[in-house]
Each structure stands twice: as structure tokens, then as C-alpha cells.
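Structural characterization, general
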Amino acid sequence: MNELSDKENVGELIQYIVIRLGDEQFGIDIRFVDNIVRMQQITRVPKVQHYLKGVINIRGEIVPVMSLRLIMDMKADEITGKTRIIIVKMSGGNLVGLIVDQVAHVLTLDSNNVENVRRGDDRRHGEFLSGVGKYEGGLVSILDLNTLELESLESRDKDREKQLLSVAE
Amino acid sequence: MDVGQYLGVFLDESKEHLQGLNDNIMTLEQDPTDENCINEIFRAAHSLKGMAGTMGFKRMQELTHHMEDVFSDVRAGQLKVNGDMIDQLFKCLDALEGYVTLISDTQDEGTDEHQDIINALNEIRTGKPAEDAAAGKADETPAEGESAADGGADGPAWKKINIKDHDKSRLEEAKAEGKNLFGATVNIQESCILKAARAFLVFKGLEEIGEIIVSDPSTQDIEDEKFELSFSIIIATEESKEKVIEVINHVSEIESVDCGEFDPAAAAAVKAAEEAEENAEAAAAAPEPAAPAAQTTAPAPAAAPAAKEGGEKGAAQGGKKPAGKPAIARTVRVDIDKLDVLMNLVSELIIAKNSLISAATSDKAEAGSVNEQIEYLESVTTNLHESVMKVRMVPIDSVTQKFPRMIRDLNRSLGKPMELTMTGEDTEMDRTVVDEIGDPLMHLLRNSADHGIEPPAERVAAGKPETGQIFLHAYQDGNNVVIEVGDDGRGIDVEAVKRKGIERGVITPEQGEAMSEKAIIGLLFNAGFSTAKTVSEISGRGVGLDVVKSKVESLNGEVDVRTKLGEGSTWIIRLPVTMAIIQALMVKVGGETYAIPLDSIQIIEDVAPEEIKFVQNKEVINLRGSVTPLIRLSESLEVESNQPENANMVVVIVKKGEQQAGLVIDEMLGQLEIVIKPLGKYTSRCKFISGATILGDGEIALILDTNALV
């Protein structure tokens, strides 16, 4: 994802699905979106991370569903008529569902109008973003799907545990 | 021609041929005079060479070619099979296998030419040291090129034909039988487009009147159109020279024929003279005559087509070729009968669909006829499902056939005489299981060879025959396939295992005293546990039995061992026949639906709360004399049970190996045939769940892994 909004694609037009979590807006590169489905019965899987809400059936495939809110340490999801699950394609073609409050619109951005976010940026949710896009309607934070890969989530969980332990000491 | 699409087939067939070669060479080692076997080997080597050539793998082709030469000499009775030769041939097969592996990983055969093996093979054929053989080869290649190129400029090319030893004997034989020997050089018109086809017609015509003993270039090269405008042959026939010329001229687009009587003795003299000349030339050209000459001439003819092929590949695949490993489709070979059954079922399905449509659209839609059609549809889908499963089933011999060779090699490297007997190699299992089970079986066999079988002297002292017996029996047992691997060796020394366990700190001495024999043997499956006194190449690196166990368990199987000190041990692997579809008991726990695989269930019990006893603070019940621990699924799965405290409980008794335990559920829903779907890595943290299935209403039910729960 990083490379896409980085160097080579200067001036390239990229379409984003803009989603809302509370009053914040996030953009997801449309090329990684497989499907958007309504909220449905999620089968809980015991003994997994709190942000993994369970699995759903997408065209006969078992797809894990995560709560973006819980990953980003926001308040737990309130399921409404507007709640959607965005099915995204992760590395290796694995599908993963992300619960969002609502899908706002589709946005086309010139990559020149996307400002890169560096690792360690202290912006709110900076660790999950690859950039911030400017458009007439305001600012949209571009999600870096790499940070939602299981491996990076797990290493983040581990770091946090360590931090907690050191605080406790 | 882009041959990429044939790569899968090429790899499959190469592996098959290599396996065939392995098996047959083993047979040959036992009985060096088995003619059928030699012919079989020759055929396999020849096909392998042809295939490698077609696919453009020149190095592989070259190596196979040299191997084929050896077999061809053996077939002609010029060479006797001996131990060294077999060893060398196995080395060659390993190198070929290396090529195949490399090709399957990278689509390229690499650059290793295995010149040492080629030299060794030549050495076997000539009986001379390697350098002479290499020199012999050096003059062979240019001679071929020249004869094709100058086609009769200074004397007809057939007079310079290079005759191999076994061909010479065949020529002499033919002469002794009173046949006429003619040499002929055929020149094809320059405008001819299908040279190979013309050459083929010439060969066909000549074979009707006699036997073509030698051809230059080889028949294979001519078939592949690897020759210039002329080729030479030597034919043994009862017909006259005129007849031969007539037959050749009968083929159109032939420019000229040069034909004459062939005298083997004279030819030998010519060849010797030429060889001397060539050697001199080679010596003049390079400071070191033999080896480098051989190396430079060998790849030269290969270089051009290889480069051409490279270009084609690049053009065909363009930029789309990914940088990583190219994916080679996994294939299953399907018996055509199985496909026919599938086809029939699909047509029945269509008929059922049509009947349903007409039943639904008819004016007076009768509920009875619709139900009838649904029942019909049900039986068709069940059959269809069974047939598709059968298509996925392959016999386990695709993995077991490697083992005789492995034991033979171990035989040599360990210096222990051993014999492997295998039964039930035709037992069928799901392709995914068969692919995975090879390594664990190999490990158990190596284990038997290394740890199990005693050195010959020890065996004799114990009153056993000197040759150790290793066996592998496979058979189907209900919904399981059982594979037993074992030996008649020394068996497992329980005391030694216990000592080792204490030494390694796996158990304390007190624990050791309290443990049953079975539990102690179970320690062998712990990581980092090996009782071999010395670490050997074969086993004893401490990675092994634990890997076997975890692999088998990941396939939903279990492994067990029976052993008797001094009499040998047997490892028993029990695996489900198929992984994709199972019979399961559907249960409810705290409002959620779960599936428990039926084959792990012993019995279902109704237990009153007062029957629960406590042992070491854990809930147990007394089940017909055996103390069975209770596991409350609602606790394990972190849900609220909706059963009242004092009500009777439904307990599903499951077994894990020899152990059993009772799973407390809320409610039983009934038995169902379910399709297992993988859960993916995101939920891998939950060890109790082995997969999921989609129910009739589209909802998902998780499948409990009873092995992890117990």
C-alpha cells in the first residue's frame, strides 16, 4: 500500500472507499476491496483477540471479521442500520472483514494530494495510516492495510503487553 | 512453441519415470540378468531423455543420454551389472531428481552439468579411466557435426560414421547371418521444409527391407530435426544395394544418395585413424587435451536451442512472470471411469432440475411429485459428492514407493543388512493427506533402521536372523486408514527412556517412578528427545518423533506405539480417509452450535449432577469402572451455559488415543455430514477449533478439535 501512494505514482488517480468511524473518516484503496456487505450474524470464535469478532460466510468461504473500532482503541461498535462489513483482500488473497459505522462515498484522489504519513507519526491513529488525502470536503485518513495483517497486529499486541508489564514494575 | 503449459505434466511424468528407474534398478541389483527389467529401464530412460529434450532442458537431457548409453550397453550384453555401476546409476538418478526439483521450483534446470557423473558413466562403459572417456566423447561430437555438414566432400560421410561398441557387435552378427551391410548418406534438398518427416519416410522404407543398425545423427536427433541436410545410416539387409538406393530415392525431396557396401573392419580402422587425428587436433587447440575439450563441446550444440528457447519464453511470458516462485498447478490423475461416473451424475442432476421445473410450472403442481423429485435430487447429490471424493483419493504408493530405495541406501550406509516388506500400498487416501504423510513415514522407517535394527553380530547373538526385517503395512479400517511401521529389532528400552527423561529434566525421578510404561514411552514424542547413543546422519538429531506426532495430529490422526524389548516395535498411525467431509454430531453450547467429529466420539451419556466426583479438584465421573474427567465445554469455550445447575447433563465421551474424557454440552442437535472449511490464520490462536462448516441455512458452525480439548 505504501508504494502505491509513495513515489512512483505521482499524479496517479486512485479511488478510495470512504468509511466513517464516529466522526472520523478513513479511506480504503478500492483495489483492495472485494465486497461490502450488511451487518450479519457473526459466529463467535472463542479464545481469540478481542478485536476479532468472529467469522462470517462469504460465498461459501469462511472470512474472519475484525472491529476497526476495537483495533484503534475506540469505543465498541454500536450496530445500526448503517453498519457495514468491508471485505478486503489481504496479502496472499486472504479475505478479511472490517466492521465500520457506515460507508460514506467513493472518492477519487490525485496522489499529489495525498500527504505521506511516516512511521512514528504522533497523529491520531497514525500507526494505521499510509497518508492523509485532501479534497474539497475536507481531510481523509488513508488506511494502510499492511498494518491490519495478523502478523503486525500480533507484534503490536506483544509490544503493548511489554509496555504494560514495564509500567506495572 | 511455449512449453510452459506442459510443465506440470512434464514434472509428473519425470517423477514417475525416475521412480520407475529407481524401482527397476533395485530389481536389477537383486537379479542382474532380468531382461524385462533392463528393457523397462531403457524405455524409461529413453522417454525421460525425450521429454527433457522437448522441454528444452538440455543438461538434464545430456545426463539422461549418458545414462541411457549405459543401459543400452547392458541391454546389448556389453556390460555386466555390478555394485559400483548400481551406485553410480543411483547417483545419476539423484542428480536427475535434483534437476526435476529445481525445475519445479524455478522452471529452470540450473547450470550444474554433473560432469563428474557423466565421466563416471562413460568410465563404466569404456572400462577406461575418466580422461580417456572424456577424450573419446570429445572427438565424437565434432565428428557428428562434420559428417552432417560436409556430407561427402571428401568421401561419403557414412564411411566416417561413429560406431559404438554394441553396434559393432550387431553389425558383425548381421554379417555372420549372411546379410549385406550397406552404408548410405542421404542428402535432402535444401528447399525441403519437413526434413524430419522426409528422414522418417526414408527410415520407414528402409526398415521394411532390413534393419537400420547405426544412424548418424541418432534417430532421436533426426526425429527432433537436429540435423543439417544430410544424415548417414548403416543398414543390414538381404536386399541388394540398388534396392536400397531405390527405396531411398522413392521418398520425394531427396537430393542424392551415396550408398556403398560397409565393412565393419575397415570402418574401425578409419575410425581409429580419425580418432588419432582428432586427439592431435584437440591437443593443439587446448593445452589440456581431455577434460576441457569434453566440457566445451558438450554444451555447444545445446547452447543455440537453449538461447532460442530463452527468447521464446521471455516473449511469451512478457513482464507478467512474477519474481517469486512460479505456481505449478497441483494435479490429480483421474481414472477415466471415475470421470464417466461424474459425468453421468451431472446429467442426472440436470434431469432432476428439469423435472423440478416442470413439476413447479405445471398447472396443478402436485406436492407429491415435487417431493419425489427432491428425493431424487438428494440421492443424486449424495452420489455426486461421493464420486468427487473418490476423485480426490489417490493410493499411498506415490509416497511409499520411495522407501525401498531409501532402505537400500541405509543398508549400505549403516552396514546393517535389512529387508523392507510393504503391504497395502494401494490403500487410497485424500490427496492432501497423502502429500503430507510421506515425511512422517520416512522418519519412522529411518528410526527403525537406525535405532530399531541391531548390528548383525548382536542379532545373531540374540538368536535372530542376521537380516533385519522392517515393514510397512497399510490398510483401511472403517473411516480410518491405519499405517503400521515397525521392525523386529531391539524394541524400546523403557528404563533407558526413563533415565534419559530424568537426565534431560523432562521428568523428575519421582515422576519417573510413578509413570506407567505407556506414559514413559510417550516421552519419546517430546521435542528434543532421542535415545540414540550417538547422533548419526540418519536420525538422532532430536527432531523427529515430536514432528511425526504433530504432523499426524494436524491431519486429524493419531500415532501410537507397541513395543516389546528384544522383539521390536511397531508405530501405528491412524488417519481419517478424507479430510474434506466428515460425519459430525451437532451440539449446542450456550446457544452456539458446534460440530464434534463422530469418529472421536465413544458414547453419549446422561449424567446426574450427584454422580460427579472430585479427583485432585477436578470433576470426574465413574464410567463403567473407568474414571473419566469431565470438561465443561461452556467454560472452555467461554459462554454461559443455559442449562439449570441441578439438571441432568448430556456428556459426550470422546477418546484421544487411549485416554477418554467427557464433554458436557447443553443439547444434542443430531448427526450431520459436514464439509470442512479452513478457518484461516486470523483465528489460529483458538486451539480448540479445527475448522468450520456452513450449515444448510448459511450459518457457520465451528468444529471442535477434541484432541486439543482433552
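Figured I'd write up the structure that's included with this text. Note that the structure is predicted; figures quoted are calculated from it, not measured.

**A short note on the overall build of chain A**
Per the secondary structure count, chain A includes three helices and 11 strands. The buried share of chain A, taken over its 169 residues, is 29%. Put simply, 55% of the contacts in chain A that link residues at least 6 apart link residues at least 24 apart.

**Examining the sheet that holds strand β1 (residues 13–21) of chain A**
Sheet strands pair via backbone hydrogen bonds, and the direction of the pair is either parallel or antiparallel. Residues and elements named next belong to chain A. One open sheet holds the six strands; their spatial order is β8-β1-β2-β11-β10-β9, and the pairing between them is mixed. Edge positions in the sheet fall to β8 (102–110) and β9 (114–116), since each has one partner strand and no second. Strand-to-strand twist of the sheet, defined as the mean angle between neighbouring strand axes without regard to direction, takes the value 35°. One ladder, built from six bridges, connects β1 with strand β2 (residues 24–29); its direction is antiparallel. The residue of β2 that forms the bridge with Ile 19 is Phe 26.

**A look at the interface of chain A and chain B**
Across the boundary between the two partners, chain A contributes 17 residues, which contact 19 residues of chain B. Elements that contribute at least two residues to the side of chain A that touches chain B include exactly β4 (52–58) and β5 (61–67) of chain A. By residue number, the principal contributor to the side of chain A that touches chain B is β4 of chain A, which donates three residues. A breakdown of the residues in the side of chain A that touches chain B according to their chemical character gives nine nonpolar, six polar and two charged.

**A few points about the packing of helix α3 (residues 58–75) of chain B against helix α4 (residues 83–106) of chain B**
If you want to describe how two helices pack, look at the angle between their axes and the distance between the axes. All names here are of chain B. Running from N to C, α3 and α4 cross one another at 160°; their axes reach a closest spacing of 10 Å. Here α4 runs roughly antiparallel to α3, going by the angle between their axes. For the pair α3 and α4, the sense of crossing is left-handed. Facing Arg 59, Met 60, Leu 63, Thr 64 and Met 67 of α3, the residues of α4 in contact are Leu 89, Cys 92, Ala 95, Leu 96 and Tyr 99. Of the residues in the contact of α3 with α4, the class split is eight nonpolar, one polar and one charged.

**So, helix α20 (residues 494–503) of chain B**
All names here are of chain B. Of all the residues in α20, the buried ones are Val 497, Lys 498 and Gly 501. Angular distribution of buried residues about the axis of α20 spans 100°; they occupy a single face of the element. The exposed residues of α20 that point more than 90 degrees off its buried face are Glu 495 and Glu 503. Here the buried face of α20 lies against α21 (509–514) and α22 (517–522). Looking at the residues trailing α20, positive phi occurs at Gly 505, about 75°.

**Description of helix α1 (residues 7–30) of chain B**
All names here are of chain B. Given a rise of 1.5 Å per residue, 24 residues ought to cover 34 Å, and the 35 Å separating the end C-alpha atoms of α1 matches this to within 8%. Burial in α1 covers these residues: Ser 14, His 17, Leu 18, Leu 21, Asn 22, Asn 24, Ile 25 and Leu 28. Packing partners of the buried residues in α1 comprise α2 (35–55), α4 and α17 (403–414).

**Quick word on unusual backbone geometry**
Most peptide bonds are trans, and most residues other than glycine sit at a negative phi. Backbone geometry places Asp 73 of chain A, a non-glycine residue, at a positive phi of 60°. Assignment of secondary structure puts Asp 73 of chain A in the loop between α2 (68–71) and β6 (84–89). For Asp 73 of chain A, a count of 9 C-beta atoms within 10 Å gives the class exposed. The backbone of Gln 616 of chain B shows a phi angle near 50°, a positive value even though the residue is not glycine.

Rules used in this analysis
Residues numbered from 1 in each chain as written. Chains lettered and ligands numbered in written order. Predicted model: local features only at pLDDT ≥ 70, side-chain atom pairs only at ≥ 80, totals over all residues. Helix = DSSP H or I, 4+ residues; strand = E, 2+ residues; numbered from the N terminus. Buried ≥ 20, exposed ≤ 12 C-beta atoms within 10 Å, placed from the backbone. Contact = placed C-beta atoms within 7 Å. Pairing = 2+ DSSP bridges. Axes fitted to C-alpha atoms, helices over the stretch in contact; angles between N-to-C directions. Nonpolar A, V, L, I, M, F, W, Y, C, P; charged D, E, K, R; others polar. Parallel < 35°, antiparallel > 145°, perpendicular 65-115°, else oblique. Left-handed = near helix turned anticlockwise from the far one by under 90°. Arc of directions from axis to C-beta. Expected span 1.5 Å × (residues − 1).

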